[in-house]
Amino acid sequence: MKKTKGFFLVLATLMVFVSCGEDSKDSAKWPQSVYSEQPHIGVYQDYAVGNQGQAGIDAIVNVNPNCSVKTIITIDGLQFKDSNGDGELQPYEDWRLSPEERAANLVSLMPVERKIPLLIHAGGPGNPTGTDSTVINGLADDGTVDETSNPHPFGYDVYRTAYYLVNYGVRYGLRNGYGYDTAVYYNNVQGLCERSPWGIPHTISVDPYHDTAYNANSATTNSLWPFMMGFGAISNPDDAKRIARRFGEVHGQELRMSGVTMLLGPMADIATEPRWARIQHCISSDPDVVAELVAEVIAGMQGSENGLVPGGQACVVKHFPGSGSDEEGMDSHSPHGRYQVFPGNLFEEHLRPFDAAFKVGVAGVMPCYGIFETNNFEQVGSAFTSDIMVDLLRDRFGFNGYIVSDWYIDTHMPWGLEDLTKYELVGRWLKAGTHQHGGNQDVASVMRSYEEGYITVEDIDFAVQSNLKVVFQQGLFENPYVNLAEAQEFWRSNGSAFVDRSIAAEEAQKKAMVLCKNNSSFLPVKPDGEKYDTNGNGVVEIFFDSNISQADSGELQTVARSEEYSGFTFVDNINNADIAIVRMFSRGGEYWSALGGIPLSYDGITYVWDHEAKSYTDIPAPTTSMGIQGGGDTTKNSGGYRTVGGSLDNYQRVFNAIGARDGGDVNGDGTIDGDGTNPTLKIVVGMTASRPGIVAPFLGDVHSLIVDFGATDSSFLDVVFNADGSAPTGNLPVEIPANDESVNAQFEDVPCDTVEPTFKYGFGLRYMSE
């Protein structure tokens, strides 16, 4: 049995959502407002005074002529923030009005040079010294803005953050990070934005990097969840919906308590192409499952099943109209992977999860990079064509919210429009119906596009109004600040809030585990009996080799795990073990990447794909290296990096264990893998499926196989040992193909269509009771 890890007092997780919605609102008062009662009005000077003594407070001195202290206006006993500092209540400052009315008024008041920066979603208000420092870069102690430092090549130089916030008015940025220090820093950023002209808050976004694979070694106290595909693996539909909703609530709280206000996710793409590098962030290959669970995640994060509410985390569902069908799984970040193909004619199936997201009022949409070879769409990237952004998204689905392109579409991924200048490309995406460019940090270029007539004031106003509406929905104009006392408790290691959300995440990890093989009901491993004590010395000895760095069978880990799991002795020499428990990643995919589909087998060769001939050549793709190659060069790699996943070295863990038992050339590569000095060794394999890896080459040589979708070592071992009743109850949300040949022959848009897969969709064994 597993020893108790400590006495956990579980209290309700801190909630940040303001009560609102039709059920709780007195519609006779303010029928168009997002508020049911007077909201708290937060101004920076009150925040700074109220949080004196909290670490990291950096009051912004009002010296810069472009900034001014903002005050509170009181009318008929109600309070409003004087965001533009004119002493009068403007409609955009009146929280009794609708977000649409407020956004329209603000846009009408602003000069065009202040609206243009709101068309870009930049790299974020970064701090190059890290979150330990909460001082805004480029802001002097006296409050003046440094305008002399050299600009960064990409435009939004983190060393000139204050310059971009104050002088340019940039208000949207991607910056990944969690924790108390992050919240303090972003509060200071919001303070500077509040004191700038118009007082527009900063929308701080993050990518969906919540899972254990990214964060298992992190020192922060964010909860560790499985990949999104893990939610699709939960076999009980009610459990899956409950856990997906809970994830949305918890992750939304963690982001908001870090000062973040927007998630660039979740992904509503269907997992139909198993080679795609991002398939682990899809939910399932079944569109009905994806639709149901993506709606739960969005409702949990945004705070309501009827759209975004004050305090909620704005979700930007992606990649419309569905990026799950990348040709040969190559990924549309790269010129050679720029096509979305539908050989099975199932385009409509890929739309269904997005429809579900729209029905729960998702705040935003991110279009796919790719060119869609279906429905007679214009053969350009999604963000550049009104066929998709207007006819499909706006007219058919009625979406009128925030739309931000994927990153660098007018510098690196202008698929189908490679010959246009970046100024012309701005006109193409804005007039096509995309409201904001992701990753574009060059305000001057957008201004030049306006000056040269590629975009008009009417184009700008329409887009900016849609972008600002989300900020009003969230209540950020009233109060963008995180309460630091609450944040400190929320992020306290082993505090009740941390324990509560960690327990929820651990449940998700375990319920997402799928038992695929279990010879003679070998699992769960018991602390006694000849079945497990194979060398007959009276002790069940475990060799544990983990795919999580610094967490395997080193000496310190073996001692700690022997104490954690009573009845078992962990050893650091496989030759002394009764059982080898080996964790591995499936082979990783790539984007910005190779010239053909990356095989799912570990030793498969990537060959160059010929799009025109619709066939592979006999030319091996060159090795990739991190970087970006723009301009649509289809003759070579665009530089690349591997997403979460394993390499051949990772795969070798399993063959090393087999070699220790059997000896010889286990994997047939011409080398001796082991000396066979432990012939009674039992082998249990856990595969973390960043993609549905091919397991056929070793499946016959192991006793048990568990597929997980991101789990800590403790969660995985709890299931192996049945600690506190932990058991694998998941079913596969995708199939596990038998070989690369069957994967190459399947259709990218069709779910689960490989020939004779090793394990079919929905497969999952259970522990047998004795």
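This section reports on the structure supplied with the text. Positions within a chain are numbered from 1, following the residues in the order the chain's sequence is written. Owing to the predicted nature of the model, reporting of local features is limited to residues with pLDDT of at least 70; listing and counting of side-chain atom pairs is limited to 80 or more, with chain, interface and lining totals taken over all residues. Where side-chain values are given, they derive from all heavy atoms of the structure, hydrogens and water being excluded.

1. Details of the pairing of strand β18 (residues 607-610)
Then step 1. Pairing between two strands requires that DSSP report at least two bridges joining them. We count a stretch as a helix when DSSP gives it H or I for four or more residues in a row; a strand needs E for two or more, and each element gets its number in order from the N terminus. Bridge analysis of β18 against strand β19 (residues 615-620) gives three bridges, and the strand direction is antiparallel. Residue pairing in the sheet places Asp 610 in a bridge with Ser 615 of β19.
Then step 2. Between β18 and β19, which follow one another and run antiparallel, lie four residues, and Lys 614 among them has a positive phi close to 55 degrees.

2. Section: the packing of helix α16 (residues 496-511) against helix α20 (residues 713-721)
Then step 1. Helix axes use the C-alpha atoms of the stretch in contact, all axes being lines fitted to C-alpha atoms, and the angles between their N-to-C directions lie in the range 0 to 180 degrees. Taken N-terminus to C-terminus, the directions of α16 and α20 make an angle of 50 degrees; their axes are 10 Å apart at the nearest point. As summarised for this structure, α16 and α20 are arranged oblique, according to the angle between their axes. Handedness of the crossing formed by α16 with α20: right-handed. Contact residues: Glu 506, Gln 509 and Lys 510 in α16; Ser 715, Asp 718 and Val 719 in α20.
Then step 2. Looking at the contact of α16 with α20 residue by residue, the class counts come to one nonpolar, two polar and three charged. What sets the label is the angle itself: under 35 degrees gives roughly parallel, over 145 gives roughly antiparallel, 65 to 115 gives roughly perpendicular, and the rest give oblique. Left-handed is the label given to a crossing in which the near helix is rotated counterclockwise from the far helix by less than a right angle, and right-handed is the label when the rotation is clockwise. We call two residues in contact when some of their heavy atoms are within 4.5 Å. Amino acid classes used here: Ala, Val, Leu, Ile, Met, Phe, Trp, Tyr, Cys and Pro are nonpolar; Asp, Glu, Lys and Arg are charged; the rest, including Gly, are polar.

3. Some points on the environment of Pro 274
Then step 1. Along the chain, Pro 274 turns up in the loop between β6 (262-263) and α9 (287-302).
Then step 2. By relative accessible area, Pro 274 is classed as buried at 9%.
Then step 3. Sequence-wise, Pro 274 and Arg 691 are 417 residues apart; in three dimensions their C-alpha atoms are separated by 6.5 Å. Three labels apply to residues, based on accessible area from a 1.4 Å probe with only protein chains included: buried if under 20% of the type maximum, exposed if over 50%, partly exposed otherwise in between.

4. What about helix α2 (residues 99-109)?
Then step 1. Listed in full, the buried residues belonging to α2 are Pro 99, Arg 102, Ala 103, Asn 105, Leu 106 and Val 107.
Then step 2. In this structure, the buried residues of α2 make contact with α3 (112-115) and α14 (457-474).

5. A closer look at unusual backbone geometry
Then step 1. Of the consecutive residues Phe 320 and Pro 321, the connecting peptide bond is found in the cis state with omega at 0 degrees.
Then step 2. Tracing the backbone through its elements, the reader meets Pro 321 in the loop between β7 (314-320) and β8 (339-341).
Then step 3. Of the consecutive residues Leu 523 and Pro 524, the connecting peptide bond is found in the cis state with omega at 0 degrees.
Then step 4. Its place among the elements puts Pro 524 in the loop between β13 (514-518) and β14 (540-545).
Then step 5. In this model, Asp 76 sits at a positive phi of 50 degrees, which is unusual for a non-glycine residue.
Then step 6. The backbone phi angle of Tyr 408 is positive, close to 65 degrees, even though this residue is not glycine.
Then step 7. Within the fold, Tyr 408 resides in the loop between β11 (402-407) and α12 (422-432).
Then step 8. The partly exposed category is assigned to Tyr 408, whose relative accessible area is 24%.

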